[in-house]
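Report on the structure
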Amino acid sequence: MKIHLRVPAIAAALVAAVVVTAAPASANIADGTTFYTRKPDHSALEQIAQLKASGQKTLARQFKTMIETPQAVWVTGGSGRKLTQDIKATVRRAAGKKTVPVFVAYNVPFRDCSQYSAGGATSVAEYKAWVDAFAAGIGKHEVAIVLEPDGLGIIPWYTSINGASEWCKPAEADPATAAAERFTMLNYAVDRFGALPRTSVYLDGTHSSWLGAGDVADRLVKAGVQRADGFFLNVSNFETTERQLKFGNWISKCIWYGTAGPDWARGHFDWCASQYYPASPNDFSTWALTDAWYADNVGSVPADQLAHFVVDTSRNGQGPWTPPAGNGWPDPQVWCNPPDRGLGLRPTTATGDPLADAFLWIKTPGQSDGQCDRGTGTGHDPARGGIADPAAGAWFPQQALELVRFANPPLS
């Protein structure tokens, strides 16, 4: 899955938005929840065996700890009865272990703008049928749904709240309808999954080095976040948990400001402070300025009246990657297989933040982000000595070892 860093301009223009005043759903992930551990990648088991055979027993043990840590189950296709049965088998297996599975629903048309993680349904009708089959497999079981990573960060033929034209303009998509169809499909999925009695649903909130808080809030409201359980942050990325907690709180308060705040603020998500203003995105000490804006303009709103969120901590133990100075690469692709990153905080509901429902391992640690070449067009990764990175979703032994070695907190 490709994550682009897009720094929006702070526009003065006022953009009208659809205002929905319904209260957000109460969080369904109960405190103390134990999350489901997906079946490990076969290549991971092979790597453990190789480590043992070479006498690296401590590293092998740490590797085993990584794959035995709860991780999300990605559902990227399938259809009909077969999909329903596959989902049903997973939720039953999880229930038998008294755990809660986290599913990543990743099948929207033009996902990843048809790039490294290309694929997905081919029409609105096909997507809705896929959601129906998926939901039928869940039934009354307790699950959490991470709904379409990138689904709101990359919208085909979209114009943002700040007037910025989306870079994603696939020729196969109708410029007149593509963006509206994206919101139609996400709203449908929110309602279909949300109708299940024990299912929590979270929409794409990008991360703190991508969209501004107001832009995210606007997109989330259009996608139905007030009928969902909230949104997710940092999926398949490396931003620090500390920054995501602040960012998540700002988004939640911006949603409230633009939907339930003073009459004159309704719809004006573009007025919300963000990591870009009055804060400076690269100077964390300035983020208190944005905190102060929300204190002055939103104040203290009870947590049950604000959208909640979850954070992917699977690979952010060392924070984001800074490319070497003078690298000369056309596009450093800091999101794509950056070297020397580490596993982050283990999955838990003990986040210390009333709006953060859980820290989760959503991206499968050890799986490649794609065949990164830092914009060189060579198909080889200069940040990793010129190797050809594995395709998106394939096991990447070198990266897996780095995640274990640089885990923060360390693996036992």
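Up top is the structure.
Structural notes, computed from the coordinates.

**Overview of the sheet that holds strand E3 (residues 143-147)**
Here seven strands make up an open sheet; going across it, the order is E1-E2-E3-E4-E5-E6-E7 and the pairing parallel. Of all the strands in the sheet, just strand E1 (73-75) and strand E7 (356-360) have a single pairing partner and so form its edges. This sheet shows a mean twist of 25 degrees between the axes of neighbouring strands, independent of strand direction. Helix H7 (residues 241-259) rests against strand E5 (230-233), strand E6 (308-312) and E7 of the sheet, and its axis sits at about 150 degrees to E5.

**Overview of the pairing of E6**
The element E6 is extensively covered by neighbouring structure, given that five of its five residues are classed as buried. Neither face of E6 is left uncovered, since the one carrying His-308, Val-310 and Asp-312 and the one carrying Phe-309 and Val-311 both have all their residues buried. By the bridge criterion, four bridges tie E5 to E6 in an arrangement that is parallel. Along E6, the bridge assignment pairs Phe-231 with Phe-309. By the bridge criterion, four bridges tie E6 to E7 in an arrangement that is parallel. Within E7, the residue paired with Asp-312 across the bridge is Leu-360.

**Brief notes about the pattern of salt bridges**
Under the criterion given, the structure shown has 13 salt bridges. When the shortest N-O distance is used, the salt bridge between Asp-218 and Lys-222 registers 3.1 Å. With a gap of four residues between them, Asp-218 and Lys-222 both fall in helix H6 (residues 213-223), about one helical turn apart. On the accessibility criterion, Asp-218 (1% relative accessible area) is buried. Across the pair Asp-291 and Lys-246 runs a salt bridge, and its minimum N-O distance is 2.4 Å. Within this pair, whereas Asp-291 is found in helix H8 (residues 287-297), its partner Lys-246 is found in helix H7, the two being separated by 45 residues in sequence. Residues participating in the shared-partner salt-bridge network are Arg-315, Lys-363 and Asp-369.

**Details of unusual backbone geometry**
A cis amide bond, omega 0 degrees, links Tyr-277 with the succeeding residue Pro-278. In this fold, Pro-278 is placed in the loop between H7 and H8. Looking along the chain, the bond that leaves Asn-408 and enters Pro-409 is cis, with omega of 10 degrees. Inspection of the secondary structure puts Pro-409 in the segment after helix H9 (397-405). In the Ramachandran plot, Thr-206 falls in the positive-phi region, its phi being about 55 degrees despite a non-glycine side chain. Relative to the helices and strands, Thr-206 resides in the loop between strand E4 (199-204) and H6. For Thr-206, a relative accessible area of 3% gives the class buried. Backbone geometry places Asn-234, a non-glycine residue, at a positive phi of 70 degrees.

Basis of the calculations
Residues numbered from 1 in each chain as written. Predicted model: local features only at pLDDT ≥ 70, side-chain atom pairs only at ≥ 80, totals over all residues. Heavy atoms only, no water. Pairing = 2+ DSSP bridges. Helix = DSSP H or I, 4+ residues; strand = E, 2+ residues; numbered from the N terminus. Axes fitted to C-alpha atoms, helices over the stretch in contact; angles between N-to-C directions. Contact = heavy atoms within 4.5 Å. Buried < 20%, exposed > 50% of the residue type's maximum accessible area, 1.4 Å probe, protein only. Salt bridge = Lys/Arg side-chain N within 4 Å of Asp/Glu carboxyl O.

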